[in-house]
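Chain residues, written in single-letter form:
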Amino acid sequence: MTTCSRCSTPSPDTRAVYDYRFEPARLADAARLAAMSRQLVESGLRPAWGCERIQTHIRHPESMVLVAVRGGMITGFAIMRYADDTAHLNLLAVDPLHRRRGVGQRLVRWLEESALTAGTFTIGLELRAANQGARAFYAALGYRELVQIPGYYQGVEAAIRMQRDVRAPSFTPPTAARS
Ligand SMILES: CC(C)(COP(=O)(O)OP(=O)(O)OC[C@H]1O[C@@H](n2cnc3c(N)ncnc32)[C@H](O)[C@@H]1OP(=O)(O)O)[C@@H](O)C(=O)NCCC(=O)NCCS
C-alpha cells in the first residue's frame, strides 16, 4: 500500500474557488482519499472504499478520480465511472474546512462536462438518505430524487438514488465570485 504525499491539515483561510486546482488523482493519493471516504462519507459503516479499490479506479480507463488541491493539499475528491449510456458518481467529499466555497460543485461540473463531451448524458448516484446536506447539494446542481432504496448500505441504511441529464440546463449560479 502506498501513502499519500499530499495529506496534512488545510489552512482555514481558504476563500476563493479559483485558489483550487482540479486534476486527476495520482496512485499515491489513494491512501488520503480512502481516509477521507472513511471519515466524511462512510462514517458508521464498514469502509467499502479502501486504498486498493481507489487505486483500481485511478488506473481504470473508464473511471476518473478527480482531486481538488490547494497549497499542495487535497481538499476534496470525486470518483466517476463512465459507461456508454450512463455514468455513475461513486464518491464525493470535500474537507469540512473547505466547504461552501464551490469546490464540490466544480468537482461535479468537471466530471459532468467529460460525460457530456463523451456523449454520456445520464449521471446517477446514490447517497445516504439521512444526508440532508448532500441531498440539498445535489438538488442545487440539478439532480432529482428517483427512489429510496431501503437497506442499500450494508443492509442497515437506506439510500436515495438521484439522477441528472447533463444536457438539461442547471439552475445553480456560478460560485466563483466569492472572496
Ligand atoms: C456534499 C459536499 C460534497 C458539498 O461540497 P461543498 O464544496 O461544500 O459544496 P459547494 O460549496 O459546491 O455547494 C454548492 C451548493 O450546494 C448547496 N449546498 C452545499 N452544501 C449544502 C448543505 N450542507 N446544505 C444545504 N445546501 C448545500 C448550496 O446551494 C451550495 O451553494 P451556496 O453555498 O452558494 O449556497 C460536502 O458537504 C461533503 O463533502 N459532505 C460530506 C460527504 C458527502 O456527503 N458526500 C456526498 C455523498 S457521497
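Below: a short report on this structure.

### Let's talk about the packing of helix 1 (residues 30-41) against helix 2 (residues 51-59)
Point 1. Two elements in contact, helix 1 and helix 2, have axes whose closest approach is 8 Å; the angle formed by their N-to-C orientations is 120°. In terms of axis orientation, helix 1 runs oblique to helix 2. By crossing handedness, the relation of helix 1 to helix 2 is classed as right-handed. From helix 1, Ala30, Ala31, Leu33 and Ala34 reach across to helix 2, where they touch Cys51, Ile54, Gln55 and Ile58.
Point 2. Its residues placed into classes, the contact of helix 1 with helix 2 shows 7 nonpolar, 1 polar and no charged.

### Brief notes about the nonpolar core
Where a protein is soluble and globular, its nonpolar side chains tend to be buried together.
Point 1. Of all hydrophobic cores here, the largest spans 39 residues; its most connected members are Leu66, Phe77, Ala78, Leu107 and Leu111.
Point 2. Considering every element that reaches this core, the biggest residue donor is strand 4 (residues 86-94), with 6 residues.
Point 3. Contact partners of phenylalanine 77, with chain neighbours within four places excluded, come to Ala25, Leu33, Met36, Val65, Leu66, Val67, Ala68 and Ala93.

### Looking at the site of the ligand
Point 1. The local shell around the ligand holds 21 residues, among which Arg99, Gly104, Gln105, Gly133 and Ala136 are the closest.
Point 2. Looking at the shell around the ligand, the elements with two or more residues in it are helix 1, strand 4, helix 3 (103-118) and helix 4 (132-140).
Point 3. For the shell around the ligand, the element with the most residues is helix 4, which contributes 5 residues.
Point 4. Taken together, the residues of the shell around the ligand break down into 12 nonpolar, 6 polar and 3 charged.

### Regarding the pairing of strand 5 (residues 122-128)
Point 1. Here strand 4 pairs with strand 5 via 3 bridges, running parallel. In the sheet register, histidine 88 faces strand 5, and the bridge partner there is glycine 124.
Point 2. Running through helix 3, the crossover from strand 4 to the neighbouring parallel element strand 5 is right-handed.
Point 3. Of the strand pairs in this sheet, strand 5 and strand 7 (residues 157-165) are connected by 7 bridges, and their pairing is antiparallel. Following the sheet pairing, threonine 122 is matched in strand 7 by aspartate 165.

### A look at the environment of isoleucine 58
Point 1. The residue isoleucine 58 is located in helix 2 in this model.
Point 2. On the neighbour-count criterion, isoleucine 58 (18 C-beta atoms within 10 Å) is partly exposed.
Point 3. Residues isoleucine 58 and leucine 27 lie 31 residues apart in sequence; the distance between their C-alpha atoms is 6.6 Å.
Point 4. Setting aside residues up to four positions removed in sequence, isoleucine 58 forms contacts with Ala25, Leu27, Ala30 and Val65.

### Quick look at the environment of alanine 168
Point 1. Structurally, alanine 168 can be placed in the segment after strand 7.
Point 2. Along the sequence, alanine 168 and glycine 142 sit 26 residues apart, while their C-alpha atoms lie 8.4 Å from each other.

### Quick look at helix 1
Point 1. Buried residues of helix 1: Ala30, Arg32, Leu33, Ala34, Met36 and Ser37, and no others.
Point 2. Each element contacted by the buried residues of helix 1 is listed here: helix 2, strand 3 (73-82) and strand 4.

### Overview of the sheet that holds strand 6 (residues 144-153)
Point 1. Strand order in this open sheet of 7 strands is 1-2-3-4-5-7-6, and the pairing throughout is mixed. Either end of the sheet is taken by a strand with one partner, and the two such strands are strand 1 (21-24) and strand 6. On average, each strand axis in the sheet is inclined to that of its neighbour by 25°, with strand direction left out of account.
Point 2. Contacting strand 1, strand 2 (63-70), strand 3, strand 4 and strand 5, helix 3 crosses the sheet at an angle of about 30° to strand 3.

What counts as what
- Residues numbered from 1 in each chain as written.
- Predicted model: local features only at pLDDT ≥ 70, side-chain atom pairs only at ≥ 80, totals over all residues.
- Axes fitted to C-alpha atoms, helices over the stretch in contact; angles between N-to-C directions.
- Helix = DSSP H or I, 4+ residues; strand = E, 2+ residues; numbered from the N terminus.
- Parallel < 35°, antiparallel > 145°, perpendicular 65-115°, else oblique.
- Left-handed = near helix turned anticlockwise from the far one by under 90°.
- Contact = placed C-beta atoms within 7 Å.
- Nonpolar A, V, L, I, M, F, W, Y, C, P; charged D, E, K, R; others polar.
- Core = buried A, V, L, I, M, F, W, Y, C linked by C-beta atoms within 7 Å.
- Buried ≥ 20, exposed ≤ 12 C-beta atoms within 10 Å, placed from the backbone.
- Near = placed C-beta within 6 Å.
- Pairing = 2+ DSSP bridges.
- Right-handed = clockwise from strand over helix to strand, strands pointing away.

Read these as geometric descriptors, not functional statements.
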